[in-house]
Amino acid sequence: EAGVTQFPSHSVIEKGQTVTLRCDPISGHDNLYWYRRVMGKEIKFLLHFVKESKQDESGMPNNRFLAERTGGTYSTLKVQPAELEDSGVYFCASSRYRDRDEKLFFGSGTQLSVL
Amino acid sequence: AQSVSQHNHHVILSEAASLELGCNYSYGGTVNLFWYVQYPGQHLQLLLKYFSGDPLVKGIKGFEAEFIKSKFSFNLRKPSVQWSDTAEYFCAVTSLSGNTGKLIFGQGTTLQVKP
């Protein structure tokens, strides 16, 4: 089966610009998560979708970040306007079930550089 | 708040050396524990996990980890490393009663194995 795919793999933008990251989860996976790793720091949870609904967005840093999951399929994470501190690797993960045996499948990440 | 601490940020070993990566977590309740690995250019993948039962958990590629509840630790071990084990390793926890896909990660340990 195809894995979790993320686009683009790298993005370089200037401060103040807008960037949209995309995540295509594994087909049939209702759960979709976004994580972020700022350089030198730990990977941090951003938010969780169950189908098209935001289940938990407690990790979203501020209102410059907007996540959507239209139709419960792919998800986008938009940063507008981007700031220098938004640089990092953005990971997406998906899973089929939410129970103690939940297994997350991660994408390869999008490396975002804000100059 | 939950947190995960990985003791070593960068480890360099020669092939056939033994490996132990430290991980301690801070959380008052029951947790699920994980080790993830990210090989160069690849996505994060699950190495092993502990939910309950035998505190010595065996994972893929000869890795194992031991859960010591009294020490809040979940150290990763491998008796003899190979060059192909060069990667970044992440310890993570989730709350058993909360969102099972909301992982709290440590800062990661980069392992470099010299041939």
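In the block above lies the structure referred to throughout.
Scope of this entry: the structure provided in the associated data block.

Thresholds applied
Residues numbered from 1 in each chain as written. Chains lettered and ligands numbered in written order. Predicted model: local features only at pLDDT ≥ 70, side-chain atom pairs only at ≥ 80, totals over all residues. Heavy atoms only, no water. 1 Å grid on protein atoms, 1.4 Å probe; cavity = no way out; pocket = protein on both sides within 12 Å on 5 of 7 lines; lining within 4 Å. Points joined across faces, edges and corners; volume = space filled by probe spheres on them. Helix = DSSP H or I, 4+ residues; strand = E, 2+ residues; numbered from the N terminus. Nonpolar A, V, L, I, M, F, W, Y, C, P; charged D, E, K, R; others polar. Pairing = 2+ DSSP bridges. Axes fitted to C-alpha atoms, helices over the stretch in contact; angles between N-to-C directions. Disulfide = S-S within 2.5 Å. Buried < 20%, exposed > 50% of the residue type's maximum accessible area, 1.4 Å probe, protein only. Polar contact = N/O pair within 3.5 Å; in protein donor to acceptor, adjacent residues only side chain to side chain. Contact = heavy atoms within 4.5 Å. Salt bridge = Lys/Arg side-chain N within 4 Å of Asp/Glu carboxyl O.

What follows covers the layout of surface pockets. To locate leftover empty space, one rolls a probe as large as a water molecule over the atoms. Residue and element names in this part refer to chain A. A volume near 300 Å³ is recorded for the largest pocket. Lining the largest pocket we find 16 residues, and of these Arg 37, Met 39, Gly 88, Val 89 and Gln 111 sit closest to its centre. It is strand E11 (residues 110-114) that provides the largest number of residues to the lining of the largest pocket, a total of 4 residues. When its residues are assigned to classes, the lining of the largest pocket shows 5 nonpolar, 10 polar and 1 charged.

To continue, consider the sheet that holds strand E1 (residues 5-7) of chain A. Residues and elements named next belong to chain A. The strand order across the open sheet built from 4 strands is E1-E3-E8-E7, with neighbouring strands paired in antiparallel fashion. Looking at the sheet topology across the chains shown, the edges are occupied by E1 and strand E7 (65-68). In this sheet, neighbouring strand axes are inclined to one another by 15° on average, regardless of whether the strands run parallel or antiparallel. Note: E7 against strand E8 (residues 75-79), 4 bridges, orientation antiparallel. From the neighbouring strand, Leu 66 faces E8, where its bridge partner is Lys 78.

Evaluation of the coordinates by the stated rule reveals 2 disulfides over all chains. Sulfur-sulfur distance for the disulfide between Cys23(A) and Cys92(A) comes to 1.8 Å. Given an S-S torsion of about -65°, the disulfide between Cys23(A) and Cys92(A) has left-handed geometry. A residue pair is termed long-range when its members are at least 10 positions apart, and Cys23(A) in strand E3 (residues 19-24) and Cys92(A) in strand E9 (residues 88-95) qualify at 69 residues. Assigned by exposure class, Cys23(A) and Cys92(A) land together as buried. Across a sulfur-sulfur distance of 1.9 Å, Cys23(B) and Cys91(B) are joined as a disulfide pair.

Residue and element names in this part refer to chain A. Within the element layout of this structure, Asp 24 appears in strand E3. Polar contacts involving the side chain of Asp 24 include one to the side chain of Arg 22, which spans 2.7 Å. Apart from residues lying up to four places away in sequence, Asp 24 is in contact with Gly 3, Val 4, Thr 5, Phe 7 and Tyr 74.

With that settled, consider the pattern of salt bridges. Within the structure shown, the criterion is met by 13 salt bridges over all chains. Two residues, Glu64(B) and Arg77(B), come together in a salt bridge whose shortest N-O distance is 3.4 Å. Within this pair, whereas Glu64(B) is found in strand E8 (residues 64-68), its partner Arg77(B) is found in strand E9 (residues 73-78), the two being separated by 13 residues in sequence. For Glu64(B), a relative accessible area of 18% puts it in the buried group. We classify Arg77(B) as partly exposed; its relative accessible area is 23%. Each of Arg36(A), Arg64(A), Glu85(A) and Asp86(A) takes part in salt bridges that share partners, so that together they form one network.

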